[in-house]
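What follows is each chain in one-letter form.
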Amino acid sequence: MGNIGRMEPGGPGCPAPPMLELSQRDPILKGMARTSFWMRAEAHGLYVAPADCWIDPSRPVDTALVTHGHADHARGGHARTIATPETLAIMKLRYGVTDGAIPAGYGESLRLPGDVQATFLPAGHVLGSAQILLEHAGERVVVTGDYKRRPDPTCLPFVATACDIFVTEATFALPVFRHPPIEQEIAKLLTVRALHPDRCVLVGAYALGKAQRVIAELRRAGYGEPIWLHGALERMCALYEELGVALGPLRLVADAGRADLAGQIVLCPPGALNDRWSRRLPDPITAMASGWMRVRQRARQRNVELPLIISDHADWDELTATIAEVAPRETWITHGREDALLRWCELHQRQARALALVGYEDEGEDD
Amino acid sequence: MSMERFAALVDGLVYTRSRNGKLQLIADYLRTTPDPDRGWALAALTDGLDFPAVKGSTIRNLLMARVDPVLFTLSRDYVGDTAETASLLWPGPDSPADPPGMTQAVEALAQMTRLSVMGDLAALLDRLDAAGRFALLKLATGGMRVGISARLAKAAFAQAFGVSIDDVEEYWHGQRPPYQPLFDWAANGGPPPRDGDQPLFRPFMLAHPLDETVVDMADYAAEWKWDGIRVQIVHAGGETRLYSRTGDDISGSFPEIVAAMDLDAVLDGELLVRGTHQGGAQGSAASFNALQQRLGRKTVSRAMLADYPAFVRLYDLLIVDGEDLRLLSWEQRRTMLEAFVPRLDPQRFDLSPVIAAASFEALAALRERARADAIEGVMLKRRDSPYVAGRRTGLWYKWKRDPLLVDCVLMYAQRGSGKRSSFYSDFTFGCWAGDPDAGADLLPVGKAYFGFTDEELKWLDSHVRRHTVNRFGPVRETDKSLVLEVAFDSVHESKRHKSGLAMRFPRINRIRADKPAHEADRIATLRVMMKG
């Protein structure tokens, strides 16, 4: 595929396109309950047939459209990768990918072969995260990738976009998942820190997105002390700063003595929480920032003492409200707890089906 | 305020790993919470509360009336706990205006009837936030399962008020929530709540596994470890009670024992059924399987009494004629026990014999023969040991015979509950009904959910996920490719499994990923082990 045409220039922060009414589009399609014939779910990703390209494929392909930089969506090894400039920068940092990188700014439409048009829209998940709107033969498909509806100081908010087929994630698609306001969770963290001046609070947070959001929210709550980082978080935090997300004073645990860390907040990837690495810290209180922390036993499995319910995914209320708002002809559900979201669609007389995609975390704890 | 404080305590216990941390949390709570709130909290932590109107099914029904049943079931399956699921799904306000106090909540629960519970419990839930709802539902249905035992709660009580744990154990029994006399004694400087004229339970002395320890038989006496259930029989104030090891009153299931005891005394022994399985004619005790027919029955038929006659084989004498012997040495108590037993009905009571073994090696040789005699193993008791509650290092040891081993094939796996709710951790395994190469089937012979390490559990969980061929609700059927070495204490006839066999104490001993499934053992091999 050689001819990827750029239709309208745009970039990060450009205003979202207005919601299109179905009636403004091809009148022949109105009211027709047909399933999209040009896009299909294969085991390792969504395939856009006329353009011969894949969305978030789990194995190397010729042309990949990537929603965001998390490892289960963005993999190296594609000949061409189309993503937002921020996502490409993240992929470059992670995989060293530079060849075949094609940036697509928010709101900018790309013409793909086979008369397919692709537009990247903010998803509110992490820096650079995008929904991908695909248009072909008068039909509109929105692939959300991962998304959330809560405000996040590190990325642009989700833009609800009218479409015929809405391909949604379902990571937290159970009615037990209702994320509390993040201010409440940050306050919990600051209270525990203040109560234990001789210890430190060690927060497990995913290296891309979660860690920077927790830092930015701590700053928003007025916390000005240096925040200490596990080495694995350093480069991503630096990239966020480079891309214009201010994180305040950051230090490396490797440069600290045990005494420096008393009464401090330390961030590490979830995998390091119960690792030998944490032995250098002064009697750490183990915290974890994740939507899974809503369920007690999930916190216990990770030996978490201070669960912080902070998620970059839509919770049950956000997922269902978004489907109601977008009001697609049909909802396709990718990874997560699709049974429950299917049931909700059934109860609300909405057409829906679950896609059996592999490669996304089955019961992954890193959200 | 105080229901919220209790909820915070419950969550603190859920998330605190160390035993000391838990002790500290409970002790702090008990010290700083007023009566009777703290008594109710203590009762809740030790499963001492019972609200007959509130059942697990009540909670399910309440939710089913408010949430789509399919969504409820999916949520329950994911969360792994009905009370927690309900607390999260309850359509209530995030910060309710008028949370009830602890005592108020307990009194409200106690007054609920089967008719009123649906309305009353819902009204109470509406006044609590998610953490409060969780604590209330746990309290209402009993079984907090927050990772603390009754023993730990009692230790925390002792720590909170600087009293001895043995005294707490002893005075505890016979007290009812909210344990006002206990708090009056420990916290408020009152007299100990003791009454010698009641048939109260005394905490059991327990044994450590011997493991690699070698003892000098000059210091220790040996007895057979009979395979029944440990009981305490108490007669005081004209009443007799039979208690299980956990202090449960099981008098109702064994009327013939209760009727045969009318001497003021507290005795420790093994409850058994007459037979010839254990130790042959001389041992005169049936298998544990026979005793099981009698356990947990509220009423006992005449046929049951005739077919499975129970008796107690006595190990120890704690109190006789109002005199507490527990501080005497085992040897002195044994002499008094031997003198006491002839006063009892020989049909219902006999004496656990002391094994004559001059040396540890001689005892080891006798223990080797225990399997042939169908005896669980031997007990070692320090001759100078007083009778003290719980397990004390160096005083009593149990030395079980080595387990039997058999290679089985993994057939089904089910998700665990609680901490293991995301893991396939309950395994059903089978043996071949004949020659697998000639087309014989696998038949289930047992189910085990322990014996493996956390690492092995992760491995097994992932094996199950990758080798699933069928799903039946929470159960997955695997492709029957994995061999598990299963250890168990004995095997007997049972209708529970299609194979007609059931194991006692089965556990996964080793994962034999190296062994092809057709080389696993056959049912016939297990049948041979039945005699042993």
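Rules used in this analysis
Residues numbered from 1 in each chain as written. Chains lettered and ligands numbered in written order. Predicted model: local features only at pLDDT ≥ 70, side-chain atom pairs only at ≥ 80, totals over all residues. Pairing = 2+ DSSP bridges. Helix = DSSP H or I, 4+ residues; strand = E, 2+ residues; numbered from the N terminus. Axes fitted to C-alpha atoms, helices over the stretch in contact; angles between N-to-C directions. Domains from an automatic or database assignment. Contact = placed C-beta atoms within 7 Å. Nonpolar A, V, L, I, M, F, W, Y, C, P; charged D, E, K, R; others polar. Parallel < 35°, antiparallel > 145°, perpendicular 65-115°, else oblique. Core = buried A, V, L, I, M, F, W, Y, C linked by C-beta atoms within 7 Å. Buried ≥ 20, exposed ≤ 12 C-beta atoms within 10 Å, placed from the backbone.

### Concerning the sheet that holds strand 13 (residues 201-204) of chain A
Residue and element names in this part refer to chain A.
- Read from one edge of the open sheet, six strands run 15-14-16-13-17-18, paired in parallel fashion. Each edge of the open sheet carries a strand with a single partner, namely strand 15 (250-252) and strand 18 (306-308). Pairwise comparison of adjacent strand axes, ignoring direction, gives a mean angle of 30 degrees for this sheet.
- Pairing analysis gives two bridges linking strand 14 (residues 227-229) to strand 16 (residues 265-268), with the strands arranged parallel.

### What about the domain arrangement of chain B?
- Partitioning chain B into structural domains gives domain 1 (205-400) and domain 2 (404-531).
- If you average the C-alpha positions of domain 1 of chain B and of domain 2 of chain B, the two centres end up 34 Å apart.

### Some remarks on the interface of chain A and chain B
- If you look at the interface, chain A gives 20 residues, while chain B gives 21 residues.
- Split by residue class, the side of chain A that touches chain B holds nine nonpolar, three polar and eight charged.

### Observations regarding the packing of helix 7 (residues 338-347) of chain A against helix 5 (residues 69-79) of chain B
- Interhelical geometry of helix 7 of chain A versus helix 5 of chain B gives an angle of 170 degrees and a closest axis separation of 10 Å. Relative to helix 5 of chain B, helix 7 of chain A is oriented roughly antiparallel. From helix 7 of chain A, D339, A340 and R343 of chain A reach across to helix 5 of chain B, where they touch V70, L71 and L74 of chain B.
- In terms of residue class, the contact of helix 7 of chain A with helix 5 of chain B is made up of four nonpolar, no polar and two charged.

### So, unusual backbone geometry
Residue and element names in this part refer to chain B.
- A cis amide bond, omega -5 degrees, links D35 with the succeeding residue P36.
- The topology assignment puts P36 in the loop between helix 2 (19-32) and helix 3 (37-45).
- Following P177, the chain continues to P178 via a peptide bond in cis, the omega torsion being 5 degrees.
- If you trace the backbone, P178 turns up in the loop between helix 11 (165-172) and helix 12 (180-186).

### Brief notes about the sheet that holds strand 3 (residues 220-225) of chain B
All names here are of chain B.
- If you walk across this open sheet you meet the five strands as 2-13-11-3-10, and the pairing is mixed. Of all the strands in the sheet, the pair left with one neighbour each is strand 2 (208-209) and strand 10 (354-355).
- Pairing of strand 11 (residues 377-382) with strand 13 (residues 396-400) involves five bridges; the strand directions are antiparallel. Looking across to strand 13, one finds that K381 is bridged to W396.

### What about the domain arrangement of chain A?
- Parsing chain A into structural domains produces domain 1 (5-176 + 313-354) and domain 2 (182-308).
- In this structure, domain 1 of chain A and domain 2 of chain A have C-alpha centres spaced 31 Å apart.

### Brief notes about the nonpolar core
- V203, V266, L267 and L308 of chain A together with L136 of chain B are the most contacted members of the largest nonpolar core, which totals 168 residues.
- Looking at which element gives the most residues to this core, the answer is helix 1 (residues 2-15) of chain B, with eight residues.
- Shared between two domains, this core takes at least three residues from each, and those domains are domain 1 (5-176 + 313-354) and domain 2 (182-308) of chain A.
- Each residue touching L267 of chain A, except ones within four places of it in the same chain, is listed here: V203, A205, A211, V214, I227, L229, H230 and L233 of chain A.
- Judged by nonpolar contacts, the second largest core, of 49 residues, contains F254, F288, L337 and A374 of chain B.

### Examining the pairing of strand 6 (residues 80-83) of chain A
Residues and elements named next belong to chain A.
- Pairing between strand 5 (residues 63-65) and strand 6: three bridges, direction parallel. Residue T63 lies in a different strand from strand 6, and its bridge partner there is R80.
- Note that strand 6 and strand 7 (residues 101-103) share three bridges and pair parallel. Bridged to I82 within strand 7 is I102.

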